[in-house]
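# Understanding the architecture of this molecule
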Amino acid sequence: MSAHLLAVENLTRRFGGLTAVNDVSFHVDRGEVVGLIGPNGAGKTTIFNLVSGALAPSAGVITFKGENIAGLKAHQICKRGITRTFQVVQPFPDITALENVMIGAYVRHGSRTAVEKAAQQALERVGMGHKAGVLGKDLTLMELKRLEIGKALATEPELLLLDEMAAGLTPVEIDDMLTLVRQLNAEGMTLLVVEHVMKVIMNLCHRITVLNFGAKIAEGTPAEISRNQAVLDAYLGGEEEYVA
Amino acid sequence: MSAWREYLVPVVVFALVGLLPAVLSQYWLHIVILILMWAFLSSAWNILGGFAGQHSLGHGLFMGIGAYLTAYMANTFALNPWISLVLGALLAGLAGAFVGYATFRSGIKGAYFALVTIAITEAAVYVVSNWRALGQASGLSVPLVGTGLSRLQFDSKAGFFYIILVLALLAVLLSQWLSRRRFGYRLIAVRENEDAAEALGVDTLMTKIQATALSAALCAVGGTFYVQYFTYVEPRSVFGETISIQILLYSIIGGLGTVWGPIVGAAVLVPIAEWVRGTFGQTLSGLNVFVYGAILVLVMLFMPRGIVGVARSLQRRIRPRREGVEPAASSAGAGDTARERGGA
Amino acid sequence: MTFSSDVILQALASGILIGGVFALISIGLTLIWGVMKIINFAHGEFLMIGLYIAYFLITGWGWDPYLTALVTIPGLFLIGALIFRVTIRPILKDPTMNQIMLTLGVSLMLQSGAQMLFKADVLSVQTKYKTIIMNLGPVAVSLPEIIAFVGSVATTLILYYYLRTTDMGRSIRASAQNPAAATLMGIDVRTTYLLAFGLGSATLGAAATLLLPFYYTSPTVGMFLGLIAFVVVVLGGMGNFLGAFVGGLIIGLTESLGAALFQGSLSRVFTFGIFILFLLFRPEGVLARRRA
């Protein structure tokens, strides 16, 4: 039994004839920020969906706090302490920002007062305290991205999965987002991030796992990754943007 | 508004309505009973259709279960209707859980769910029309064995009035209570964005099944009241497409997914339909349904959020706008799809 | 209950023949769903209008039953296009619930309108075709049933090839698959939607002409036939042309076998029972492959 917070072993997911994730293994330790990168279609989001329970793996083991969670439903995994955000923000449009976050907080609290308090705190942690009464559909993209993280924080996760939090943001907004995520990590949150924007990955992650065509091609610190020939080939082979 | 005031308002409103028998004629009292009955049934539907956003067009099934079970039990076992009320609610709750499980398990939703539920309630019409113990196409009458609260039968309309008044009040209080509870928030989360709800720890399948069961059980209670009041039930007066549409109509016109929508909708529509029926019923049978259809079309085209929705946006326009609130751009009703804003 | 194999054979034959018409009724619904993701809950009422048009042309003006297609098909196209233009197009981007409610409203208006105009009477026509019976061994079927089946298959094929091979058909399919991309390619999506809705309704004109000689019309006929179309479309897998055809045959067979085996409207229970079983065990529709 591994002592890692999250250990993914030999994870495979097939869609019909296509193998989107092929025998991938990696781990995340408490307090770390681990990045998953790779060109489009490399299988990053599929891995996210597998770890968070949106999809069930075809094969492999996902161990979280010593328990195999592979194949559990998303809501069960959330209760065990892993919460994800979505690349395309997924607010509840017709209720307020506070109520959006309350839905997450209800996982941990029963009474409305406790839930409101926890939700307000989560909103403040992501710098959205002053927007508590605004409807989800009336928020800007940056606010929605913050709300997305706030909702996830309200479920009090031990591992937070962030899917492309910089996508669609301006360079200034990306810096704000980086500050926010670093702050969360400094407060003790463990993070697994999928990211396209290299600046974010290189500045944020302790370790990085690189995927290409569903398989792991490299693993290491940001410095090691930036010198890795296989990684450079993968990115130059694909026409992917790897600068912001 | 603080929590206790949210409960006090309906209590006061319904207490005032409770004074009506003193001033109303029997005819108008009948109209008010119909208003309250449809408001109750529509509130029950609104839990699933409005709060959880699952558009059932088959709730006649559950109303029918309550009505038929009550009539059958009274005829066969001389069972007290209050016991039938509970049994009907339980049976309809089970039926609702089954319908919910069978459909939601395989991801059926939206218009597809509407189609399937119509088919199920229409199937019930044909089943009951061929069921000898249930009187087949000619239906069942409730034997009159005496009056009084314990028998849920009354000499005067006022008795029925107070029963349905209390039921409708309870439905409003339940909706109000749900809208501030974990379960209520889960219903809304399911309606607004299922993927996000699931990711935030909401068991969306179970939530939908529970909502269907609760909504179904309440509809059955409405069915029991229906048969006690009219003392007669036939397949198409409770089961089937037309009644199922009528059940949800008031929520839609009044304001989908709001506590007061079903009440307001019924209070506006029932008198119109009854007046049309009373005035033109002999010469133009069907005109009241035509009016319902026309109102439905017009409301969907010009005020898709219903009466309560329009009142709310007026209220919001009058109140000073909070910082950062932009005027809502879309004309959408209760949004059942999350729309990405901005880029990404 | 006693029945011979002849009864079953007879039921199978009529089931397949009426199943073809059920399929045709459903194709329009599935086309509209496939293109704009709208269920027209007034679909059955459109068919009812077609049946009344055919009825009055035959009884009032003495038309040949099959000549009425000249009026029912373009007539239903225009009615469909008009109702689409006035009521459905403004709410194409509204939530599903509102679209359902709007078409339900239209359906209530048409149904009760027919009741006010024509009373609740069940009307049917007597034609010379009805008396022509074809014998095939123990099975006897009337000519109108055969014409209905052949006509339904032909209409379906014509529609299918129209969508496959013509420019307009390709625009409809492109708009169905990706409205945004279709717009970029210079396709006027609003017009193609109008056309698709008109075409989906026009199929009901054909169905009305084919049905009436051996069926009936009444203000509520659309409620039942519309329901059949819903069931067939769900069975066939929403938006699937071939699925709708197979679904139509399945429902035709269950209706007709049910009528042979059970008395009265109990056969309907049989039909819906089959539907609910499919729903439980094969919710993706008859032809769909299981998802991976």
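### As for the overall build of chain A
- When its secondary structure is counted, chain A shows 9 helices and 10 strands.
- Along the first, second and third principal axes, the C-alpha atoms of chain A reach 50 × 40 × 35 Å.
- The proportion of buried residues among the 244 residues of chain A is 50%.
- Sequence-distant contacts in chain A: of pairs separated by 6 or more residues, those separated by 24 or more amount to 64%.

### Some words on the overall build of chain C
- Summing up its helical and strand segments, chain C has 11 helices and 2 strands in all.
- Element order for chain C, N to C, with α for helix and β for strand: α-α-α-α-β-β-α-α-α-α-α-α-α.
- Expected size for 292 residues packed as a compact globule is a radius of gyration near 19 Å; at 19 Å, chain C falls within 12% of this value.
- Each of the three principal axes of chain C carries a C-alpha extent, and together these read 60 × 55 × 35 Å.
- Counting the 292 residues in chain C, one finds 55% classified as buried.
- Contacts spanning at least 24 positions in sequence make up 77% of the contacts within chain C whose residues lie at least 6 apart.

### Thoughts on the nonpolar core
- Ranked by internal contacts, the top residues of the largest apolar core, which has 290 residues, are Ala119 and Ile164 of chain B.
- Of all the elements, helix H1 (residues 5-36) of chain C adds the most residues to this core, at 16 residues.
- When residues of this core are assigned to domains, at least three fall in each of domain 1 (1-81 + 160-244) and domain 2 (87-156) of chain A.
- Sequence-distant contacts of Ala119 of chain B, that is, excluding residues within four places in its chain, are made with Leu227, Phe230, Val231, Phe272 and Phe275 of chain C.

### Comments concerning the sheet that holds strand S10 (residues 215-220) of chain A
Residues and elements named next belong to chain A.
- Reading across the sheet, the 6 strands line up as S6-S7-S8-S3-S9-S10 and stay open at both edges, with mixed pairing between neighbours. Across the chains shown, the open sheet's two edge strands, defined by having one partner strand only, are strand S6 (82-84) and S10. Between one strand axis and the next, the sheet turns through 20 degrees on average, direction left out of account.
- Pairing geometry for S6 and strand S7 (residues 159-163), over 3 bridges, is parallel. Following the sheet pairing, Arg84 is matched in S7 by Leu161.
- Lying over the sheet, helix H1 (residues 44-52) contacts strand S3 (33-37), S6, S7, strand S8 (190-194) and strand S9 (207-212), oriented at roughly 150 degrees with respect to S7.

### Observations regarding the interface of chain C and chain B
- Facing the 38 residues of chain C at the interface are 43 residues of chain B.
- Within the residue set of the side of chain C that touches chain B, elements represented by two or more residues are helix H4 (96-118), helix H9 (221-236) and helix H11 (266-281) of chain C.
- Looking at the side of chain C that touches chain B element by element, the count peaks at 15 residues for H4 of chain C.

### Looking at the domain arrangement of chain A
All names here are of chain A.
- Here chain A is described as being made up of domain 1 (1-81 + 160-244) and domain 2 (87-156).
- Domain 1 and domain 2 are separated by 24 Å when their C-alpha centres are compared.
- Those elements that provide at least two residues to the side of domain 1 that touches domain 2 are helix H2 (74-80), S7 and helix H6 (171-186).
- Looking at the side of domain 1 that touches domain 2 element by element, the count peaks at 3 residues for H6.
- Along the lines of polarity and charge, the residues of the side of domain 1 that touches domain 2 split into 7 nonpolar, 2 polar and 4 charged.

### Examining the sheet that holds strand S4 (residues 59-64) of chain A
Residues and elements named next belong to chain A.
- Taken in spatial order, the 4 strands of this open sheet run S2-S1-S4-S5, and their pairing is antiparallel. Edge strands, defined here as strands with exactly one partner in the open sheet, are strand S2 (18-28) and strand S5 (67-68).
- Direction of pairing for S4 relative to S5: antiparallel, over a ladder of 2 bridges. Looking at the pairing, Thr63 lines up with Asn68 of S5.

### Focus: unusual backbone geometry
Residue and element names in this part refer to chain B.
- Notably, Gln136 is not glycine yet its phi reads approximately 45 degrees, a positive angle.
- Of note, Gln136 is situated in the loop between helix H5 (110-129) and strand S1 (140-141).
- Residue classification places Gln136 among the partly exposed residues on the basis of 17 C-beta atoms within 10 Å.
- Located in the positive-phi region is Leu152, a residue other than glycine, with phi close to 55 degrees.
- Take Leu152: it is sitting in the loop between S1 and helix H6 (157-178).
- Residue classification places Leu152 among the buried positions, given that 23 C-beta atoms sit within 10 Å.

### Points about the packing of helix H2 (residues 26-51) of chain B against H6 of chain B
Residue and element names in this part refer to chain B.
- The contact between H2 and H6 brings their axes to 9 Å, and the two run at 25 degrees. On the basis of the axis angle, H2 is roughly parallel to H6. Viewed along their axes, H2 and H6 form a crossing whose handedness is left-handed.

### Structural notes on helix H12 (residues 261-280) of chain B
Residues and elements named next belong to chain B.
- The terminal C-alpha atoms of H12, which comprises 20 residues, lie 28 Å apart, in line with the 28 Å expected from a rise of 1.5 Å per residue.
- Listed in full, the buried residues belonging to H12 are Gly261, Pro262, Ile263, Val264, Gly265, Ala266, Ala267, Leu269, Val270 and Ala273.
- Packed against the buried residues of H12 are H2, H6, helix H11 (241-254), helix H13 (287-302) and helix H14 (306-318).

### Side note on the confidence of the model for chain A
- Averaged over every residue, the pLDDT of chain A is 89; the share at 70 or more is 95%.
- Scored below 50 in pLDDT, residues 238-244 of chain A shows 12 contacts in the model against residues more than four places distant or in partner chains.

### Remarks on the packing of H1 of chain C against H9 of chain C
Residue and element names in this part refer to chain C.
- Two numbers describe how H1 lies on H9: the axes approach to 8 Å, and their chain directions differ by 65 degrees. The pairing of H1 with H9 is recorded here as roughly perpendicular in orientation. Crossing handedness for the pair H1 and H9: right-handed. Of H9, the residues touching H1 (which contributes Phe22, Ala23, Ile25, Ser26, Leu29, Thr30 and Trp33) are Leu225, Ile228, Ala229, Val232, Val233 and Gly236.
- Along the lines of polarity and charge, the residues of the contact of H1 with H9 split into 10 nonpolar, 3 polar and no charged.

### A word on H1 of chain C
All names here are of chain C.
- If you check H1, its first and last C-alpha atoms are 45 Å apart, about what 32 residues at 1.5 Å a residue would give, namely 46 Å.
- The largest bend in H1 amounts to roughly 25 degrees and is located at Ser26.
- Where burial is concerned, most of H1 is hidden: 24 out of the 32 residues are buried.
- At the C-terminal side of H1, Lys37 shows a positive phi close to 55 degrees.

### Focus: the pairing of S10 of chain A
Residues and elements named next belong to chain A.
- Sheet topology places S9 next to S10; 5 bridges connect them, and they run antiparallel. The residue of S10 that forms the bridge with Ile208 is Gly220.
- The antiparallel hairpin formed by S9 and S10 contains 2 residues in its connecting segment, where Phe213 sits at a positive phi of about 45 degrees.

### So, the pairing of S3 of chain A
Residue and element names in this part refer to chain A.
- For S3, the tally of buried residues reaches 5 of 5 residues, placing the bulk of the element in the interior.
- Here S3 shows a buried face lined by Val33, Gly35 and Ile37 and a second buried face lined by Val34 and Leu36.
- Pairing of S3 with S9 involves 4 bridges; the strand directions are parallel. Bridge pairing links Val34 to Arg207 in S9.

### Considerations on the environment of Gly136 of chain A
All names here are of chain A.
- Tracing the backbone shows Gly136 in the loop between helix H4 (112-125) and helix H5 (141-154).
- Considering only alpha carbons, one finds Gly136 and Thr96, 40 residues apart in sequence, at a separation of 5.6 Å.
- Apart from residues no more than four positions distant in its own chain, Gly136 is found in contact with Pro91, Phe92, Pro93, Asp94, Ile95, Ala97 and Asn100.

### Digging into the environment of Ala137 of chain B
Residue and element names in this part refer to chain B.
- Within the secondary structure layout, Ala137 lies in the loop between H5 and S1.
- Given 16 C-beta atoms within a 10 Å radius, Ala137 is considered partly exposed.
- When the C-alpha atoms of Ala137 and Arg236 are compared, they prove to be 8.7 Å apart, with 99 residues separating the residues in sequence.
- In contact with Ala137, other than residues within four places in its own chain, are Ser129 and Pro235.

About the thresholds
- Residues numbered from 1 in each chain as written.
- Chains lettered and ligands numbered in written order.
- Predicted model: local features only at pLDDT ≥ 70, side-chain atom pairs only at ≥ 80, totals over all residues.
- Helix = DSSP H or I, 4+ residues; strand = E, 2+ residues; numbered from the N terminus.
- Buried ≥ 20, exposed ≤ 12 C-beta atoms within 10 Å, placed from the backbone.
- Contact = placed C-beta atoms within 7 Å.
- Rg over C-alpha atoms; globule rule 2.2 N^0.38 Å.
- Core = buried A, V, L, I, M, F, W, Y, C linked by C-beta atoms within 7 Å.
- Domains from an automatic or database assignment.
- Pairing = 2+ DSSP bridges.
- Axes fitted to C-alpha atoms, helices over the stretch in contact; angles between N-to-C directions.
- Nonpolar A, V, L, I, M, F, W, Y, C, P; charged D, E, K, R; others polar.
- Parallel < 35°, antiparallel > 145°, perpendicular 65-115°, else oblique.
- Left-handed = near helix turned anticlockwise from the far one by under 90°.
- Expected span 1.5 Å × (residues − 1).
- pLDDT = per-residue confidence, 0-100.
- Bend = angle between axes of the 7 residues up to and from the residue.

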